[in-house]
Structure formats: structure tokens, C-alpha cells
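An overview of the molecular structure
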Amino acid sequence: MDSPWKQSASRPLREHSAAATDAPRERKPLRPSGELRLYGLNACRAAFANRPQDLRKVYLSEARVADLKPVLAWCVKHRLGYRVVETMDLDKLTGSRHHEGVCFEMLRHPPKGLADLLADLPAAPAPALLIWLDGVGNPHNLGALLRSAAHFDVAGVIVPTSSSLDLSGAAARVAEGGAEFVPMARVDDVPAALQALRAAGFDVVATVPAGAADLYASRLAARSVLVFGAEGEGMSRELIAAATQRLSIPGSGRVESLNIAASAAVLLAEYWRQTRR
């Protein structure tokens, strides 16, 4: 009996599906709005380890078959389709050359509101750290931020409903699996959200490029919301005015500021140092 993990040299494309009549096709599959196309080995592995029941289909290169045997075994057991494809097919499927030989179609995480996020946190005065993104739109910055956030145990990211920012395949790949562990919540009413955060014992900390208190000379509250604005435009006046603290990261002054991903990593590391030492 042939191994299910080997491919005949005469067949460059292999399809495994729940339906015996599901023949291979070159066209890009249509995805329901509730699905996300993930790519990158660490991002896909983390998603499968965290919620295998949300997996819908797998595309992978021949070189990744050995790395993903547990995933393919799950697909066989649960009658999910997987397809071994060429690198250029993965380029087209993902819209990127950085897919690392794998692409998963997964259900998206269920949408969260701020009340859901707060309900999952330990009650005050237990330490908890949240991030609020105001005007940030770059998926690679989001991915880098989520990677740092997962490393430093951030409980969640808050984004206004009006923002176009959302988890994408590109952001998940850059996050290297971190997107699975940092939920995103959307808020409609900024004043009401700020009030709810204060009621839950959080201090709101605005991060600005200059003219604020030195981060390393300041004490961060055990329950803090770190607010980051878009590069150039910065954050809204409403959020700056609502802040309990306004902090800047000291440096040489040779550049105006760090980008949001680098700034977030510095702030998160300092919070960790202060609360976990």
C-alpha cells in the first residue's frame, strides 16, 4: 500500500477532499467572509494547535509534507481537503512570496466587544495589560505588534470599529503565531469604552514621540492600557486628553521617533520589567 504522504512524480498537483468527485482546479477558491487565509509555517502551526476545529482546507508544498504530518492526518480523519501544490500556486493563493510553503483556510476568531474582553480578565487589582490602536492601518506593523504582545502576555488589543485595521494573512504571518493568543476587540463608543476601562481599574497611558514624561523614570500601573497612534498623524486629542499618563521613549534624537511596532516592544518590555521583576 502506498504511503499517503508520497506524491507520484507524474502528478505535480494532488488533491485530497471529503468529496470523491472533487477534482483539482486551478482557480482560486472562494472564501466565506468568516474565513481567513493564513500563511507562514509558525502562524499556521499555532492556529492548528490552538483551534484545529476551525481548519477548513490546507495548501502546502511537497517540501512541507513531513513538517505538517499531524495536520494532514487530522485532515484525513475529519475528511477535510488538502492539496499539495507548487510554490507559484502558493504565491497566487496568498498574494505573497513569504508563505513558507503553507497556507491554511481557517475560520476567523469570533468577533469580540470590549465587555467580552474585560470579562475574560482577572478582577482588579490583578495585573493586566491592554493595547489601544488609534489610526494604525499597516498590517505588518500589526503583526509585529501582536508578536511582541504575545511574548509579553498582553491580554488584548482594542481597535475602534471605524478602523480598517483587521487581522490579515500578512499580519498573522509577521506575528509568527502571536495572533492566536492576543484577542482583538472593537469599540463603537470611545467615551463609553474609556469609562468601562476606568471602572475595571485601568490607567490609560498615551505614548507620544516627545514632550512627555520619560518612560524609564515613570511607574506604570499594574492595570494599564497603552495607547498607540498612527505614525505621522498620532493619536486623537480625545485619547490624549483621557490619558492618566503621557510617556515618551528617550533616545539620541537622531530620528524623530520609533515606528509603532518598535515603540510597542519597548513599552511592553518596560511594563514586564516593572510588574514581573
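Above: the structure in question.
The rules behind the values
- Residues numbered from 1 in each chain as written.
- Predicted model: local features only at pLDDT ≥ 70, side-chain atom pairs only at ≥ 80, totals over all residues.
- Heavy atoms only, no water.
- Core = buried A, V, L, I, M, F, W, Y, C linked by side-chain atoms within 4.5 Å.
- Buried < 20%, exposed > 50% of the residue type's maximum accessible area, 1.4 Å probe, protein only.
- Contact = heavy atoms within 4.5 Å.
- Salt bridge = Lys/Arg side-chain N within 4 Å of Asp/Glu carboxyl O.
- Helix = DSSP H or I, 4+ residues; strand = E, 2+ residues; numbered from the N terminus.
- Pairing = 2+ DSSP bridges.
- Axes fitted to C-alpha atoms, helices over the stretch in contact; angles between N-to-C directions.
- Right-handed = clockwise from strand over helix to strand, strands pointing away.

Section: the nonpolar core
Counting residues in each nonpolar core, the largest one holds 51 residues, and the members touching the most others are Leu55, Val58, Phe104, Ile131 and Leu133. Contacts of leucine 133, omitting those with residues within four sequence positions, involve Leu142, Leu145, Val157, Ile158, Val159, Pro160, Leu165, Phe228 and Ile260.

Focus: the pattern of salt bridges
Between side chains of opposite charge, pairing is possible as soon as their charged atoms come close. Applying the stated criterion across every chain yields a total of eight salt bridges. With a shortest N-O distance of 3.3 Å, arginine 276 and aspartate 153 are connected by a salt bridge. Here arginine 276 is found in helix α9 (residues 260-276), whereas its partner aspartate 153 is found in the loop between α5 (139-151) and β8 (156-160), with 123 residues between them in sequence. Note on arginine 276: relative accessible area 42%, which makes it partly exposed. The shortest N-O distance in the salt bridge between glutamate 270 and arginine 273 comes to 2.7 Å. Of this pair, glutamate 270 and arginine 273 are both found in helix α9, three residues apart, which corresponds to roughly one turn of the helix. With relative accessibility at 5%, the residue glutamate 270 sits in the buried group.

Describing the sheet that holds strand β10 (residues 203-207)
As summarised here, the arrangement of the eight strands in space is β6-β9-β8-β7-β12-β10-β13-β11, forming an open sheet in which the pairing is parallel. This sheet does not close on itself; its edge strands, each paired only once, are β6 (112-113) and β11 (213-214). Where β10 lies against strand β12 (residues 223-229), four bridges are found, and the strand directions are parallel. Residue pairing across strands places aspartate 203 opposite serine 224, the latter belonging to β12. Packing against the sheet, helix α7 (residues 190-199) makes contact with β7 (128-134), β8, β9 (184-187), β10 and β12, and its axis sits at approximately 165° to β7.

A few points about the pairing of β8
For β8, the buried fraction is high: five of the five residues fall into the buried class. In β8, alternate side chains face the same way, and those of Gly156, Ile158 and Pro160 on one face and Val157 and Val159 on the other are all buried. Here β7 runs beside β8; their pairing, made up of three bridges, is parallel. Among the inter-strand pairings, leucine 130 is bridged to a residue of β8, identified as glycine 156. Here β8 pairs with β9 via four bridges, running parallel. Bridge assignment links valine 157 to a residue of β9, and that residue is methionine 184. After leaving β8, the chain enters helix α6 (residues 169-175) and then returns to the sheet as β9, a path that is right-handed.

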